[in-house]
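Observations on the three-dimensional arrangement
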Amino acid sequence: MGLNHGTRPGENVRYMPWEETLKLIRTSIAALATGAFLFGAADVALAKGHKIAVSWKTFQEERWKTDEKAIKAVVEANGDTYISADAQGSATKQASDIEGLITQKVDVILVVAYDSDAILPSIKKINDAGLKAIAYDVQFEDPNALYITFDNIGVGRIMAQEISKVKPAGNYAFIKGDKGDPNATFLFSGITEVLKDGMDSGKIKNVCETFTDGWKPDNAQKEMEQCLTKQHNKVDAVVSENDGMASGAVAALKAQGLAGSVPVSGQDGDLAAINRVALGTQTVSIWKDSRQLGKAAAEAAIAMADGKAVADLPGVKKFNQGKKGVEMNAILLPPTPITKDTLNLAIDGGWITKNKACAGVKKGAVKACG
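For clarity, every value in this text was computed on a predicted model and none was experimentally measured.

Parameters and conventions
- Residues numbered from 1 in each chain as written.
- Predicted model: local features only at pLDDT ≥ 70, side-chain atom pairs only at ≥ 80, totals over all residues.
- Heavy atoms only, no water.
- Pairing = 2+ DSSP bridges.
- Helix = DSSP H or I, 4+ residues; strand = E, 2+ residues; numbered from the N terminus.
- Axes fitted to C-alpha atoms, helices over the stretch in contact; angles between N-to-C directions.
- Contact = heavy atoms within 4.5 Å.
- Polar contact = N/O pair within 3.5 Å; in protein donor to acceptor, adjacent residues only side chain to side chain.
- pLDDT = per-residue confidence, 0-100.
- Parallel < 35°, antiparallel > 145°, perpendicular 65-115°, else oblique.
- Left-handed = near helix turned anticlockwise from the far one by under 90°.
- Nonpolar A, V, L, I, M, F, W, Y, C, P; charged D, E, K, R; others polar.
- Salt bridge = Lys/Arg side-chain N within 4 Å of Asp/Glu carboxyl O.
- Core = buried A, V, L, I, M, F, W, Y, C linked by side-chain atoms within 4.5 Å.
- Buried < 20%, exposed > 50% of the residue type's maximum accessible area, 1.4 Å probe, protein only.
- Disulfide = S-S within 2.5 Å.

Points about the sheet that holds strand β4 (residues 81-86)
- Sheet architecture is open: seven strands sit in the order β4-β3-β5-β6-β7-β14-β13, paired in mixed fashion. The outermost strands of the open sheet, each flanked by one partner alone, are β4 and β13 (317-319). With direction set aside, neighbouring strand axes in the sheet form an average angle of 30°.
- Bridge count between strand β7 (residues 146-150) and strand β14 (residues 328-333): five bridges; the pairing is parallel. Within β14, the residue paired with Phe150 across the bridge is Leu333.
- The strands touched by helix α10 (residues 290-305) within the sheet are β3 (51-56), β5 (108-111), β6 (132-136), β7 and β14, with β6 carrying the most contacts at an inclination of about 165°.

Considering the environment of Asp137
- Checked against the element boundaries, Asp137 lands in the loop between β6 and β7.
- Along the backbone, Asp137 and Ala297 are 160 residues apart, and their C-alpha atoms lie at a distance of 9.6 Å.
- Discounting chain neighbours no more than four positions away, the residues touching Asp137 are Arg63, Trp64, Tyr147, Ile148, Thr149, Phe150, Asn152, Asn183, Lys288 and Leu293.
- A polar contact of 3.1 Å, which involves the side chain of Asp137, links it to the side chain of Arg63.
- At 2.9 Å, the side chain of Asp137 and the side chain of Thr149 are in polar contact.

Digging into the confidence of the model for the protein chain
- Confidence in the prediction for the protein chain averages 89 pLDDT; 87% of positions are at 70 or higher.
- Under a pLDDT of 50 for its full length, residues 1-47 has, in the predicted model, 18 contacts with residues more than four places off or in other chains.

Quick notes on the packing of helix α2 (residues 62-77) against α10
- One can describe the packing of α2 onto α10 by two numbers: an axis separation of 8 Å at closest approach and a directional angle of 40°. Classified by the angle their axes make, α2 and α10 are oblique. Viewed along their axes, α2 and α10 form a crossing whose handedness is right-handed. Packed against α2, whose contacting residues are Arg63, Thr66, Asp67, Ala70, Ile71, Val74 and Val75, the element α10 presents Ser290, Arg291, Leu293, Gly294, Lys295, Ala298, Glu299 and Ile302 at the interface.
- Broken down by class, the residue content of the contact of α2 with α10 amounts to seven nonpolar, three polar and five charged.

Here we look at the sheet that holds strand β9 (residues 204-210)
- Spatially, β9-β8-β10 is the arrangement adopted by the three strands of the open sheet, whose pairing is parallel. Because the sheet does not close on itself, it has two edges, and the strands there are β9 and β10 (237-240). With strand direction ignored, the average angle separating the axes of adjacent strands in the sheet is 20°.
- Two elements, strand β8 (residues 170-175) and β10, share four bridges in a ladder whose sense is parallel. Residue pairing in the sheet places Ile175 in a bridge with Ser240 of β10.

Things to note about the pattern of salt bridges
- Scanning the model with the defined rule gives 16 salt bridges in all.
- Lys176 serves as the salt-bridge partner of Glu209, at 2.7 Å between the closest nitrogen and oxygen. Here Glu209, found in strand β9, pairs with Lys176, found in the loop between β8 and α6 (182-201); they are 33 residues apart in sequence, far enough to count as distant.

Some thoughts on the nonpolar core
- In this structure, Ile71, Ile109, Leu110, Val111, Ile126, Tyr136 and Leu146 are the most contacted members of the largest nonpolar core, which totals 54 residues.
- Among the elements that take part in this core, α10 stands out by supplying nine residues, more than any other.
- Excluding residues within four positions of it along the chain, Ile126 makes contact with Ile98, Ile102, Ile109, Val111, Leu131, Lys132 and Ala133.

Let's talk about the state of the cysteines
- What the rule picks out here adds up to two disulfides.
- A sulfur-sulfur separation of 2.0 Å characterises the disulfide bridge that pairs Cys208 with Cys227. One quick way to see it: the torsion about the S-S bond of Cys208 and Cys227 is about 90°, and its sign makes the bridge right-handed. You can see Cys208 sitting in strand β9 and its partner Cys227 sitting in helix α7 (residues 217-230), a full 19 residues away along the chain.
- Residue pairing for Cys358: its cysteine sulfur links by disulfide to Cys369, the two sulfurs lying 2.1 Å apart. Residues Cys358 and Cys369 are joined by a disulfide whose S-S torsion is about -85°; by sign, that bridge is left-handed. With Cys358 in the segment after α12 (354-357) and Cys369 in the segment after α12, this pair connects stretches of sequence that are 11 residues apart. Judged on exposure class, the residue Cys358 and its partner Cys369 are both buried.

Comments concerning the pairing of β14
- Most of β14 is tucked away: five of the six residues are buried.
- Sheet topology note: the β13/β14 ladder contains three bridges and is antiparallel. From the neighbouring strand, Lys318 faces β14, where its bridge partner is Asn329.

Structural notes on the side chain of Gln282
- Position of Gln282 among the secondary structure elements: in the loop between α9 (271-279) and β12 (284-287).
- Residue classification places Gln282 among the buried residues on the basis of a relative accessible area of 1%.
- Side chain to side chain, Gln282 and Asp243 meet in a polar contact 2.9 Å long.
- Within the structure, Gln282 has its side chain in polar contact with the side chain of Arg276 (distance 3.0 Å).
- Excluding anything up to four places from it in sequence, Gln282 contacts Asp243, Ala246, Val264, Ser265, Gly266, Ala273, Arg276 and Val277.

Structure (structure tokens):
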């Protein structure tokens, strides 16, 4: 029996042959299936996107929040997903965090290593899973990864140059970063490169030198207090390797009435440090605009997720100055020293407001403050 097709009451009934009916049914099913397929494909296209993750060593330091904001903005603007994990200053937790990120099938993991040696088994797991890794700001030595940071040896050079301008001779204290962080060694390499002649001649005396666990300001303050006690307050300059530790050193100097008379270095462009520069209790903060670093790293991560070879990324150079000498592809951004004379750079660059930079500064004491 056929199907009634296109008739009205009073008209002769016309029946469609069974073969035509079957053909029509098959065509309709195929059309529905094709439509469903196309709809499903559209859904997949909409859902398609990379997963870019960051394993942070700790979020205690002010600067990492700025880095994250820059990274996240680029990743999400590209339609990709941003994922983060905070190791809270623990190598064990960081290893666990990375395992978790691998199971989430992320495409690229940016790793701010808490301990550059302890992290290596985790980096191997990233490689074995077919994922990409970026050593973000802190180097771990793996030839497959991209290393992206500011020129930390150059940062050390600038620190030493600015401090030696103020105190070309005398007793120097060196407050270095965490022993497990290669940046501490890179910085000290640049510092000693500049100060070598003065140290060799005896004009500059290394009276205190210490690594600082976790780069923590409290630890740095204790180290500075011990140095001042040991030297009977006869310390002429303090080369601190970052702004957080500089705050601890300045606190120790202040307790002895020496803040402002002893030059102190730092880096990272912490807002409090820039204010200390304006006040004169810190001589220089090497500003590494982490907005630029985060943006550059996010763009590199997206390109890597798209399948671009690390060696072909814009600005990549070979780097083999780690303690193991492993050659890596690296992107090194130039830093900017912030002193009283260049304070305007941080203000004009939108890094800090004039009110915050100049809080407590006497009128006319600093040109950028008015």
